[in-house]
Amino acid sequence: MPDGIFNLRTKTGSLRVALEVELSQKAKARYAKIMEAVLISRQFEIVFFLCKNERLMNIVQSEVVDARRKIPRVRVSQRSNGIYFATIEMLRAMQNDTPWTGEGNRFALREVEESLAKK
């Protein structure tokens, strides 16, 4: 179960977002269980990993890549939730302008807010 779940309104509709807060490095087996769960869950469409620092963020990003390549249930699943990353330091400093990166994309929550305001 993620640390939190919330709805994010976008110009194309509402998305269920899971929030995972990573404050310390976990064992590889533990990451495999977490990644399998968040990548194929039907409870949400996107996962935000908020990491303690950049080093931990890089480790978690690597675990996502490994899970997509190596975990059989993830590989054969018709579902693959989007995964985005930021650090706590970035979020504190930049708040809604924090760049969330992943899936070959980058966005800030402020951009989502502004696109909704233009509707």
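Coordinates for the structure precede this section.
Keep in mind that what you see is a predicted model, and the values were worked out from it rather than measured.

So, about the pairing of strand E3 (residues 46–51). Taking burial as the measure, the six residues of E3 include six buried ones, the bulk of the element. Side chains Ile46, Phe48 and Leu50 of E3 all project onto a buried face; the interleaved residues Val47, Phe49 and Cys51 project onto the opposite face, where all are buried too. Looking at chain direction, strand E2 (residues 13–22) and E3 are connected through six bridges and run parallel. Each residue of the ladder has a partner; that of Leu19, found in E3, is Phe48. In the classification by handedness, the crossover that spans E2, the intervening helix H1 (residues 28–40) and the parallel E3 is right-handed. Bridge count for E3 against strand E4 (residues 82–87) is six bridges, and the pairing is parallel. The residue bridging Ile46 from the neighbouring strand is Gly82, located in E4.

Attention now goes to helix H2 (residues 54–70). Over its 17 residues, H2 runs 24 Å from end to end, which matches the ideal 24 Å to within 8%, given 1.5 Å per residue. Buried within H2 are the following residues: Leu56, Met57, Ile59, Val60, Glu63, Val64, Asp66 and Ala67. Buried residues belonging to H2 abut E2, H1, E3, helix H3 (72–76) and E4. One side-chain oxygen at the N-terminal end of H2 lies 3.3 Å from the backbone nitrogen of Arg55; it belongs to Asn53.

Here we come to the pattern of salt bridges. One pass over the structure, following the stated rule, counts seven salt bridges. Across the salt bridge formed by Lys28 and Asp66, the nearest N and O atoms sit 3.3 Å from each other. With Lys28 in helix H1 and Asp66 in helix H2, the pair connects residues that are 38 residues apart, well separated along the chain. Look at the salt bridges and you will find they share partners, linking Lys28, Glu63, Asp66 and Arg69 into a network.

Moving on: the layout of surface pockets. When its volume is computed, the largest pocket comes out at roughly 160 Å³. Forming the boundary of the largest pocket are Met1, Pro2, Glu20, Arg30, Lys33, Ile34, Ala37, Val38, Ser41, Gln43 and Phe44. Ranked by residue count, the leading element in the lining of the largest pocket is H1, at five residues. Within the lining of the largest pocket, the residues separate by chemical class into six nonpolar, two polar and three charged.

The rules behind the values
- Residues numbered from 1 in each chain as written.
- Predicted model: local features only at pLDDT ≥ 70, side-chain atom pairs only at ≥ 80, totals over all residues.
- Heavy atoms only, no water.
- Buried < 20%, exposed > 50% of the residue type's maximum accessible area, 1.4 Å probe, protein only.
- Helix = DSSP H or I, 4+ residues; strand = E, 2+ residues; numbered from the N terminus.
- Pairing = 2+ DSSP bridges.
- Right-handed = clockwise from strand over helix to strand, strands pointing away.
- Expected span 1.5 Å × (residues − 1).
- Contact = heavy atoms within 4.5 Å.
- Polar contact = N/O pair within 3.5 Å; in protein donor to acceptor, adjacent residues only side chain to side chain.
- Salt bridge = Lys/Arg side-chain N within 4 Å of Asp/Glu carboxyl O.
- 1 Å grid on protein atoms, 1.4 Å probe; cavity = no way out; pocket = protein on both sides within 12 Å on 5 of 7 lines; lining within 4 Å.
- Points joined across faces, edges and corners; volume = space filled by probe spheres on them.
- Nonpolar A, V, L, I, M, F, W, Y, C, P; charged D, E, K, R; others polar.

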